[in-house]
Amino acid sequence: MHPLRHPRNSALIGLLFIAIGLAFWVIPTVGGWHVDYAGVTMLLALGVAMAIMAYVLIAGSPND
């Protein structure tokens with residue numbers, strides 16, 4: 001059984017990390033605190049990498 005009907009839906013996994021990265025940037029900005037730009041950049045890069053990895057793993061899995 002295929003884990004997802006369409007492999008493109010695996011992008012939602014990456015969007016989760018991208019949303020966390022954006023929150024990691026927005027919350028300190030609104031609060032007036034120090035923003036850790038390296039952490040924001042790494043979370044955004046992690047989101048892109050997770051989406052690509054999930055797509056490759058799901059697209060390559062057997063359909064049975």
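Just above sits the structure.
Note that this is a predicted model, so its numbers are computed, not measured. Sequence order as written defines residue numbering, which begins from 1 separately in each chain. At least 70 in pLDDT is required for a residue's local features to be given in this predicted model, at least 80 for side-chain atom pairs to be given and counted, and no such filter applies to totals for whole chains, interfaces and linings, which use all residues. As a rule here, side-chain values cover all heavy atoms of the structure and leave hydrogens and water aside.

Undergrad: What should I look at first to understand the packing of helix α1 (residues 11-31) against helix α2 (residues 37-59) in this one?
TA: Geometry of a packed helix pair, given as the angle between the helix axes and the separation of the axes. A fitted line through C-alpha atoms represents every axis, and for helices the fit uses only the stretch in contact; the resulting angles, taken between N-to-C directions, go from 0 to 180 degrees. A helix here means a DSSP run of H or I that spans at least four residues, while a strand means a run of E at least two residues long, and both kinds are numbered starting from the N terminus. Relative to each other, α1 and α2 sit at 175 degrees, their axes nearing to 7 Å. As judged from the angle between their axes, α1 and α2 are roughly antiparallel. Contacts from Ala11, Ile13, Gly14, Phe17, Ile18, Ile20, Gly21, Leu22, Phe24 and Trp25 in α1 reach Tyr37, Gly39, Val40, Leu43, Leu44, Leu46, Gly47, Val48, Met50, Ala51 and Ala54 in α2. In what follows, roughly perpendicular refers to angles from 65 to 115 degrees, roughly parallel to angles under 35, roughly antiparallel to angles over 145, and oblique to any angle outside these ranges. Note on definitions: a residue-residue contact is assigned when non-hydrogen atoms from the two residues lie within 4.5 Å.

Undergrad: Help me out: how do you make sense of α2 in this one?
TA: Turn by turn, an α-helix covers 3.6 residues, leaving residues three or four places apart pointing in a common direction. An expected span of 1.5 Å times one less than the residue number is assigned to each helix. If you check α2, its first and last C-alpha atoms are 33 Å apart, about what 23 residues at 1.5 Å a residue would give, namely 33 Å. Only protein chains enter the accessibility calculation, which uses a 1.4 Å probe; a residue whose area is less than 20% of its type maximum is buried, one above 50% is exposed, and one in between is partly exposed. Turning to α2, its buried residues are Gly39, Val40, Leu43, Gly47, Ala51, Ala54 and Ile58. If you follow the buried residues of α2, they end up packed against α1.

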